Amino acid sequence: MAEPAAQPSRSQAPWSRFLRPSGRPPAPSNPLPGTQASCGRGERGWGEPGAGGGGGFCCWDLKPWVSPPPTRGRRPHMCSRRVRIMPRAPCWPWTWVICSTHLKGEGCRTVPLAGHVGFDSLPDQLVNKSVSEGFCFNILCVGETGLGKSTLMDTLFNTKFEGEPATHTQPGVQLRSNTYDLQESNVGLKLTIVSTVGFGDQINKEDSYKPIVEFIDAQFEAYLQEELKIRRVLHTYHDSRIHACLYFIAPTGHSLKSLDLVTMKKLDSKVNIIPIIAKSDAISKSELTKFKIKITSELVSNGVQIYQFPTDDESVAEINGTMNAHLPFAVIGSTEELKIGNKMMKARQYPWGTVQVENEAHCDFVKLREMLIRVNMEDLREQTHSRHYELYRRCKLEEMGFKDTDPDSKPFSLQETYEAKRNEFLGELQKKEEEMRQMFVQRVKEKEAELKEAEKELHEKFDRLKKLHQDEKKKLEDKKKSLDDEVNAFKQRKTAAELLQSQGSQAGGSQTLKRDKEKKNLGFL
């Protein structure tokens, strides 16, 4: 059947007054025969006002019928996506057919119970299950060496955690993580304390915050990888995400250091920061009050978002609102117990007096313990998961190409997103492969040109050396020839001299014999 060209909106339609958020639909003052209600959720409708179908309406789209509707009798629900409003008689009364998911509230209606069922024990079941599984809580202590981070942790949890004292000779910032199993009554707590060793001890403190940010992101990444596995074991997975960051501020009494401001600014979107003034007994009460005001104003002016205790729960709204005004907390830590009056209390003994750790007139340790452990520990865990981790997860998934909706505001299909991302990755891979191939060809050509140039130079050098060698050889041959000529001439002269000498010696020998003969003859005479 043909639909009308123009449809009035729900607020403009003349029958919109018959659709109320809740309650029984009223009898219309003007009958509207020939109308039908189209439900966007497409659920099975049931009933009429007189037959138990008087629940509230939610998102109807009433459309006139083009053909006249039937005038008598109650008609059944026509299909899962369309309900009809039609008269039992020519005009009165009307039959209302209601979609089951569009009743009072978010698609449901309130039904009274005839007796006890037992699902009121569900909170007890959740408590018992949580207690049996235990809880985990992770604290990050950030501050310069020597501000009493380890001592405050020992004081907070009323125990002695094992740990070696840090020195001021660290080359960089290192994060040391220790996990402990604590038991109080029948509640188990797996506590992880992460301390920043060497923070603020370097001459160049520009990158001191980077190891802390990388550590927090690493814990988020580990949880995300576990969450994205096909077989997930989140119920047994040790959640190492940081739930609270206690930032220890040195009690200078003047203002925050630039290192503190930069570090807190880098961490405020990744962790719940609770600033505390360490060793607050080092400055006077009036200086401490001014110091708190100065710290708060500097945090606000620099846009640092610290953790605010929640005030939406009426049971803790008053105390949390009061404690928000006391931030940052000025604390003192001590594991020594001194006898004060008739009680043994944690305190620090000085020559001028005694400072009691749990005395609210001396420090804010009790306020910190109440807010951190006894009142808002679960809220810190929830904020870590719902705010900081969700922000990290959203950014990571967006980097991977996943979105909630497409440009047409339709939900994304995971398979389509995966295929699109895969095709994009393959395209980028092919593009990079082509670029690498072109680069390889270019480098080969350049290398060939270099080798040809080197070969040409070698040939020129070889020809030059060959010519030089030939010239040298020719010179040597000429010199050899001249030497041979000289040797031959010398030999000839030598032979002639020897011949003359032999001839002269023979002539001299004959004359000597003749003289000897003559002398011998004269002797006989």
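A brief report on the enclosed structure follows. Since the structure is predicted, the reported quantities are computational estimates derived from the model, not experimental observations.

Scoring rules and cut-offs
- Residues numbered from 1 in each chain as written.
- Predicted model: local features only at pLDDT ≥ 70, side-chain atom pairs only at ≥ 80, totals over all residues.
- Heavy atoms only, no water.
- Helix = DSSP H or I, 4+ residues; strand = E, 2+ residues; numbered from the N terminus.
- Buried < 20%, exposed > 50% of the residue type's maximum accessible area, 1.4 Å probe, protein only.
- Contact = heavy atoms within 4.5 Å.
- Expected span 1.5 Å × (residues − 1).
- Bend = angle between axes of the 7 residues up to and from the residue.
- Salt bridge = Lys/Arg side-chain N within 4 Å of Asp/Glu carboxyl O.
- Pairing = 2+ DSSP bridges.
- Axes fitted to C-alpha atoms, helices over the stretch in contact; angles between N-to-C directions.

## Some details on the overall build of the protein chain
Then, in step 1: The number of helices and strands found in the protein chain is 10 helices and 15 strands.
Then, in step 2: The buried share among the 525 residues of the protein chain stands at 32%.
Then, in step 3: Here the contacts in the protein chain between residues at least 6 apart in sequence split such that 67% fall between residues at least 24 apart.

## Here we look at helix α9 (residues 377–399)
Since there are 3.6 residues in each turn of an α-helix, residues three or four apart along the chain are aligned in direction.
Then, in step 1: For α9, spanning 23 residues, the distance from its first C-alpha to its last is 32 Å, which sits close to the expected 33 Å at 1.5 Å a residue.
Then, in step 2: Along its length, α9 reaches its greatest deviation from straightness, about 35 degrees, at glutamate 390.
Then, in step 3: Every buried residue of α9 is accounted for by Met377, Asp379, Leu380, Thr384, His388, Tyr389, Tyr392 and Leu397.
Then, in step 4: Elements that come into contact with the buried residues of α9 comprise β7 (135–142), α4 (210–227), β10 (244–249) and α8 (365–375).
Then, in step 5: Immediately beyond the C-terminal end of α9, within one or two residues, lies glycine 401, with a positive phi of roughly 100 degrees.

## Section: the pattern of salt bridges
Then, in step 1: Within this structure, the stated rule accounts for 18 salt bridges.
Then, in step 2: A salt bridge links lysine 160 to aspartate 154; the nearest nitrogen and oxygen atoms lie 3.7 Å apart.
Then, in step 3: Residue lysine 160 is classed as exposed on the basis of its relative accessible area of 64%.
Then, in step 4: On the basis of relative accessibility, which here comes to 5%, the residue aspartate 154 falls in the buried class.
Then, in step 5: The closest approach of N and O atoms between lysine 229 and glutamate 226, which form a salt bridge, is 3.0 Å.
Then, in step 6: Looking at lysine 229, the relative accessible area reads 46%, which means it is partly exposed.
Then, in step 7: A network of salt bridges, in which partner residues are shared, links Lys292, Glu360, Asp364 and Lys367.

## Quick look at the pairing of strand β14 (residues 343–350)
Then, in step 1: In terms of strand pairing, strand β13 (residues 337–340) meets β14 through four bridges, oriented antiparallel. If you follow isoleucine 340 over to β14, its bridge partner there is lysine 343.
Then, in step 2: Pairing between β14 and strand β15 (residues 353–356): four bridges, direction antiparallel. Each residue of the ladder has a partner; that of alanine 347, found in β15, is glutamine 356.
Then, in step 3: In this structure, the hairpin formed by β14 and β15 is closed by a connection of two residues.

## As for the sheet that holds strand β11 (residues 273–277)
Then, in step 1: Judged by pairing direction, the sheet is mixed, and its six strands sit side by side in the order β8-β9-β7-β10-β11-β12 without closing on themselves. Only two strands of the sheet have a single neighbouring strand rather than two, namely β8 (174–184) and β12 (329–330).
Then, in step 2: Relative to strand β9 (residues 187–197), β8 runs antiparallel, the two sharing 11 bridges. Its bridge partner being in β9, glutamine 174 is matched across the sheet by valine 197.
Then, in step 3: Across the sheet, helix α5 (residues 258–267) touches β7, β10 and β11, and the angle it forms with β10 is around 170 degrees.

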